[in-house]
Amino acid sequence: TEACLKAIDAADVLNAFVHKTPEIAMERARAADARLQAGDAPAMCGLPIGMKDLFCTEGVPSQAASRILDGFRPEYESTVSANLRDAGAVMLGKLNMDEFAMGSSNETSAYGNAINPWRRDGDDTALTPGGSSGGSAAAVAADLCLAATGTDTGGSIRQPAALTGTVGIKPTYGRCSRWGIIAFASSLDQAGPMTKSVRDAAIMLGAMCSHDPKDSTSADLAVPDFESLLSGDIRGKTIGIPREYRVEGMPAEIEKLWNDGTEMLKAAGAKVVDISLPHTKYALPAYYVIAPAEASSNLARYDGVRYGHRAKLAQGDGITEMYEKTRAEGFGDEVQRRVMVGTYVLSAGFYDAYYNRARKVRTLIKRDFEQAFAAGVDAILTPATPSAAFGLGEMTEADPVQMYLLDVFTVTVNLAGLPGITVPTGRDAQGLPLGLQLIGRPWEEADLLNTALALE
Ligand code: GLN
């Protein structure tokens, strides 16, 4: 814990930690020592971790990297962070992210972007760690903590993991409680670990999951001992390669990465088959209707009354001006854009044309996966991202849709509620990490982690 706290102070330039909690860390580290001495060693005992700013942590600023939550210190702890604490984990501080988890580069954060510790060979340009869990990815990649929490609504664990050479798993929807995690799009949001290795991900995921009556979508299922189920043996497993993920303009190095991964799984004894997920091309448009729709509703609570920022009012301003000024000052551009899109697609005249249509498409996407699994596929291998880490500003300079297109390989998994994991499996021509994604059957994270181990 002391070494991590020192490393964090020495790495302020990465802007990964937005709020440090050294006192809490030292107190928990001492408690972990005491537990160990008493012969009680839970899964995460004494392990220093970072916490994404989206998790409510008791008495500690929890702002979802937004100005609108300035000064908010929750009186309660999220279920996932409480589970980790109870399993002995030591929280070092809160991690940077895109505002309300909306983004793929950490550039929408009110704290300014986090920076990727990786650099292109012979080029000092600062790169993004991806997003929205960019601070988590940067912190793990830079060894500021042993692991970190992330959340994933459309790829926010798997994409930053790919861009920083780390492992990130989004479990099946309902595996981790959403209670106390600041909501973005409730039917898509899931928490998961970001770690150095598949084994670490198995250990930490087990500590994060639980059935929680406080989240009505939390699954009442026993949590397997994921680590003990890791054998690395995938002989006889069937891996599907979906042809629709071979998107137009896919860089040769991503194509090669994907082929190399396929060969690795074959060499480990898996059977590889071509499959079709025919509705894949509708996933991005459906996601960018559903996610903003849910966000516009979830974010209605930030009104300057209950918590966080409230605008200074002029003489004669009433409650409407208070709402308007507070929200205009408190929310950044991307969040405002999503609230507007979401409100539009839910409005009386457009509900059927957009929101309802997107929901139907979502069902078709889910069915594509169900059919593949019913045909005997155990896991699906795809690229995690269309490129390696990119420069700051590179994607935002054009138009916001450029950034949305980066989520092409990850959003289907959230729409279908499936578990997905990113494993670093190669480098691009400039030495930057690249990752592959494995998608598993619902509730079969143990199997997914085991297959991922064969890729590592
Ligand atoms: N990049 C996607 C978005 O901006 C996904 C974000 C996430 O998973 N939280 O919505």
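Since we're looking at a predicted model, the values are computed, not measured.

Participant: What is the right way to look at the overall build of the chain in this model?
Facilitator: Secondary structure summary: the chain contains 14 helices and 11 strands in total. Over its C-alpha atoms the chain spans a radius of gyration of 21 Å, differing by no more than 12% from the 23 Å that the globule rule assigns to 456 residues. Along the first, second and third principal axes, the C-alpha set of the chain runs to 75 × 65 × 50 Å. Per-residue burial for the chain yields a buried fraction of 55% across its 456 residues. Considering only intrachain contacts with a sequence separation of at least 6, the fraction spanning at least 24 residues in the chain is 76%.

Participant: What am I meant to see in the site of the ligand here?
Facilitator: The immediate surroundings of the ligand are formed by 13 residues, with Ala101, Ser104, Thr153, Gly154 and Ser156 found nearest. Within the shell around the ligand, the residues separate by chemical class into 4 nonpolar, 7 polar and 2 charged.

Participant: What should I look at first to understand the packing of helix H6 (residues 198–208) against helix H14 (residues 445–455) in this one?
Facilitator: Two numbers describe a pair of packed helices, the interaxial angle and the distance between the axes. Running from N to C, H6 and H14 point in directions that differ by 165°, and their axes come no closer than 9 Å. Between H6 and H14, the crossing angle belongs to the class labelled roughly antiparallel. Read as a crossing pair, H6 and H14 show a hand that is left-handed. In this structure, H6 contributes Val198, Ala201, Ala202 and Leu205 to the contact, and H14 contributes Glu445, Leu449, Ala452 and Leu453. Taken together, the residues that form the contact of H6 with H14 break down as 7 nonpolar, no polar and 1 charged.

Participant: I would appreciate a short explanation of the domain arrangement of the chain in the present structure.
Facilitator: Quite often, the size of an interface is put as the accessible area lost when its parts meet. Its domain assignment divides the chain into domain 1 (2–229), domain 2 (238–280 + 358–455) and domain 3 (284–352). Measuring from the centre of the C-alpha atoms in domain 1 to the corresponding centre in domain 2 gives 22 Å. Opposite the 43 residues of domain 1 that make contact, domain 2 presents 39 residues. Of all the secondary-structure elements, those providing two or more residues to the side of domain 1 that touches domain 2 are helix H5 (158–164), strand S5 (167–170) and H6. For the side of domain 1 that touches domain 2, the element with the most residues is H5, which contributes 6 residues.

Participant: I tried to follow the nonpolar core on my own but got confused; where do I start?
Facilitator: Looking at soluble globular proteins, one finds that nonpolar side chains tend to be buried together. Counting 137 residues, the largest nonpolar core has Ile49, Ala139, Cys145 and Leu449 as the members making the most contacts within it. In terms of residue count, helix H8 (residues 283–298) provides more of this core than any other element does, 10 residues in total.

Participant: I would appreciate a short explanation of the UniProt feature "active site" (unreviewed entry) in the chain in the present structure.
Facilitator: Here, UniProt's "active site" (unreviewed entry) annotation points to Lys52, Ser132 and Ser156. In summary, the annotated positions, though distributed over 105 residues, converge in three dimensions, the widest C-alpha pair being only 11.3 Å. Here Lys52 lies in strand S2 (residues 48–52). Setting aside chain neighbours within four positions, we find Lys52 in contact with Leu95, Met97, Ser133, Ser136, Ala148, Thr149, Gly150 and Thr151.

Participant: In this structure, what is going on with the environment of Leu438? I would like to understand it.
Facilitator: One can find Leu438 in strand S11 (residues 433–440). Classification of Leu438 as buried rests on a count of 27 C-beta atoms within 10 Å. Residues Leu438 and Ser216 lie 222 residues apart in sequence; the distance between their C-alpha atoms is 27 Å. What Leu438 contacts, discounting residues up to four positions off in sequence, is Ala379, Ile380, Leu381, Gly420, Ile421, Leu448, Thr451 and Ala452.

Participant: Help me understand the sheet that holds strand S6 (residues 190–195), please; the structure alone is not making it clear to me.
Facilitator: Note: strands within a sheet are paired through backbone hydrogen bonds, in either parallel or antiparallel orientation. The 11 strands lie next to each other as S1-S3-S2-S4-S6-S5-S10-S11-S9-S7-S8, forming an open sheet whose pairing is mixed. Edge positions in the sheet fall to strand S1 (17–20) and strand S8 (271–275), since each has one partner strand and no second. Direction aside, neighbouring strands of the sheet carry axes that sit 30° apart on average. Note: S5 against S6, 2 bridges, orientation antiparallel. Its bridge partner being in S6, Val167 is matched across the sheet by Thr195.

Reading guide: rules and limits
- Residues numbered from 1 in each chain as written.
- Predicted model: local features only at pLDDT ≥ 70, side-chain atom pairs only at ≥ 80, totals over all residues.
- Helix = DSSP H or I, 4+ residues; strand = E, 2+ residues; numbered from the N terminus.
- Rg over C-alpha atoms; globule rule 2.2 N^0.38 Å.
- Buried ≥ 20, exposed ≤ 12 C-beta atoms within 10 Å, placed from the backbone.
- Contact = placed C-beta atoms within 7 Å.
- Near = placed C-beta within 6 Å.
- Nonpolar A, V, L, I, M, F, W, Y, C, P; charged D, E, K, R; others polar.
- Axes fitted to C-alpha atoms, helices over the stretch in contact; angles between N-to-C directions.
- Parallel < 35°, antiparallel > 145°, perpendicular 65-115°, else oblique.
- Left-handed = near helix turned anticlockwise from the far one by under 90°.
- Domains from an automatic or database assignment.
- Core = buried A, V, L, I, M, F, W, Y, C linked by C-beta atoms within 7 Å.
- UniProt positions renumbered as here; feature names shortened; annotations may be inferred.
- Pairing = 2+ DSSP bridges.

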